[in-house]
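If you want the building blocks of each chain, they are given just below.
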Amino acid sequence: MTDDEQFAEFANAHAERLRTTAFMLCRDWHLAQDLTQNALTKLFLSWRRASQSDNLVAYAQKILLRVFLDHRRRRSSSESASGMLLEPAYRESPELRLTMLDALGCLPERDRAIVILRYFEDYSVDRVADVLELPVSVVKSQTRRSLAKLRELLAEEQLALFG
């Protein structure tokens, strides 16, 4: 199997998961698609080196997080689309999902990335620290602060969300 075929197989198998992670970071399906495409492009350009990685999915997610953070640093990231953007339909309680996404959107980008990696992607503290290139103590303290902030923001919906 050629490198191009290996990459195509990987991209087909993992693009949806990467796009979902991107959406949780940016809360915009169109931007999530762009971020995912940019991340996959960067992964393709370094495929020979990347394919030697022990955990290729983690490698791709690290690229995605860096693409997201780079996008946020650019001036153009403050632009917003006009009109209503529709999200895909969700099977279970879309209102609660949107409430949770709104609360996540209130967190700073780095804190949001920490929470998403820890609790939506189920990464260990050490793995989050490695992906975001932060000390483990920072990941732990920011996780604690972010969860406290989310509890505060979601106080009214807490029983429905976690009950």
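Coordinates for the structure precede this section.
This structure is a prediction, so every number in the text was calculated from the model and none was measured. (Residues numbered from 1 in each chain as written. Predicted model: local features only at pLDDT ≥ 70, side-chain atom pairs only at ≥ 80, totals over all residues. Heavy atoms only, no water.)

**Student:** Any chance you could break down the environment of L132 for me, citing the residues and the numbers?
**Tutor:** Within the element layout of this structure, L132 appears in helix α7 (residues 125-132). Placed 70 residues apart in sequence, L132 and K62 show a C-alpha to C-alpha distance of 7.5 Å. Sequence-distant contacts of L132, defined by excluding residues within four places in its chain, comprise L65, A113, I114 and L117. (Helix = DSSP H or I, 4+ residues; strand = E, 2+ residues; numbered from the N terminus. Contact = heavy atoms within 4.5 Å.)

**Student:** Lay out the pattern of salt bridges with the relevant residues and their values.
**Tutor:** Within this structure, the stated rule accounts for 7 salt bridges. In this structure, the salt-bridge partner of E121 is R17, at a minimum N-O distance of 2.8 Å. Residue E121 is located in the loop between α6 (109-120) and α7, and its partner R17 is located in helix α1 (residues 3-26); the two are separated by 104 residues in the primary sequence. By relative accessible area, R17 is classed as partly exposed at 38%. R27 is the salt-bridge partner of D102, the closest N and O atoms lying 2.7 Å from each other. Of this pair, D102 sits in helix α5 (residues 94-105) while R27 sits in the loop between α1 and α2 (29-45); the two residues are 75 residues apart in sequence, bridging distant segments of the chain. When its relative accessible area of 42% is taken as the criterion, D102 is described as partly exposed. Salt bridges sharing common partners tie together K62, R66 and E133. (Salt bridge = Lys/Arg side-chain N within 4 Å of Asp/Glu carboxyl O. Buried < 20%, exposed > 50% of the residue type's maximum accessible area, 1.4 Å probe, protein only.)

**Student:** Pulling in residues and values, what's your account of helix α8 (residues 136-153)?
**Tutor:** In this model, α8 (18 residues) spans 25 Å end to end at C-alpha, consistent with the 26 Å of a helix rising 1.5 Å per residue. On its buried face, α8 is in contact with α5, α6 and α7. (Expected span 1.5 Å × (residues − 1).)

**Student:** Residues and numbers for the nonpolar core, please.
**Tutor:** With 48 residues, the main nonpolar core has L35, L43 and L132 as its most contacted residues. Among the secondary structure elements, those contributing two or more residues to this core are α1, α2, α3 (47-50), α4 (56-73), α5, α6, α7 and α8. Residue contributions to this core peak at 10 residues, all from α1. For this core, the domains that each give at least three residues are domain 1 (1-79) and domain 2 (82-163). (Core = buried A, V, L, I, M, F, W, Y, C linked by side-chain atoms within 4.5 Å. Domains from an automatic or database assignment.)

**Student:** Tell me about the packing of aromatic side chains, residues and numbers included.
**Tutor:** Counting across every chain of the model gives 4 aromatic pairs. Residues F7 and W47 carry aromatic rings whose centres are separated by 5.4 Å and whose planes lie at 80° to one another, so their mutual orientation is edge-to-face. Of this pair, F7 sits in helix α1 while W47 sits in helix α3, and the two are 40 residues apart along the sequence. With a relative accessible area of 12%, F7 lands in the buried category. (Phe/Tyr/Trp six-rings, centres within 6.5 Å; stacked < 30°, edge-to-face > 60°.)

**Student:** Quick one: what's the story with the packing of α6 against α7, residue by residue and with numbers?
**Tutor:** Put simply, α6 and α7 touch, their axes get as near as 10 Å, and they point 140° apart. Between α6 and α7, the interaxial angle falls into the category oblique. When the axes of α6 and α7 are compared, the crossing they make is right-handed. In contact with A113, I114, L117 and R118 of α6, α7 contributes V125, V128, V131 and L132. Residues belonging to the contact of α6 with α7 are distributed by class as follows: 7 nonpolar, no polar and 1 charged. (Axes fitted to C-alpha atoms, helices over the stretch in contact; angles between N-to-C directions. Parallel < 35°, antiparallel > 145°, perpendicular 65-115°, else oblique. Left-handed = near helix turned anticlockwise from the far one by under 90°. Nonpolar A, V, L, I, M, F, W, Y, C, P; charged D, E, K, R; others polar.)

**Student:** Talk me through the environment of E109; I want residue IDs and the actual numbers.
**Tutor:** Here E109 shows up in helix α6. For the pair formed by E109 and C26, sequence separation is 83 residues and the distance between their alpha carbons is 8.7 Å. The residues touching E109, leaving out its near neighbours within four places in the chain, are F68, L69 and R72.

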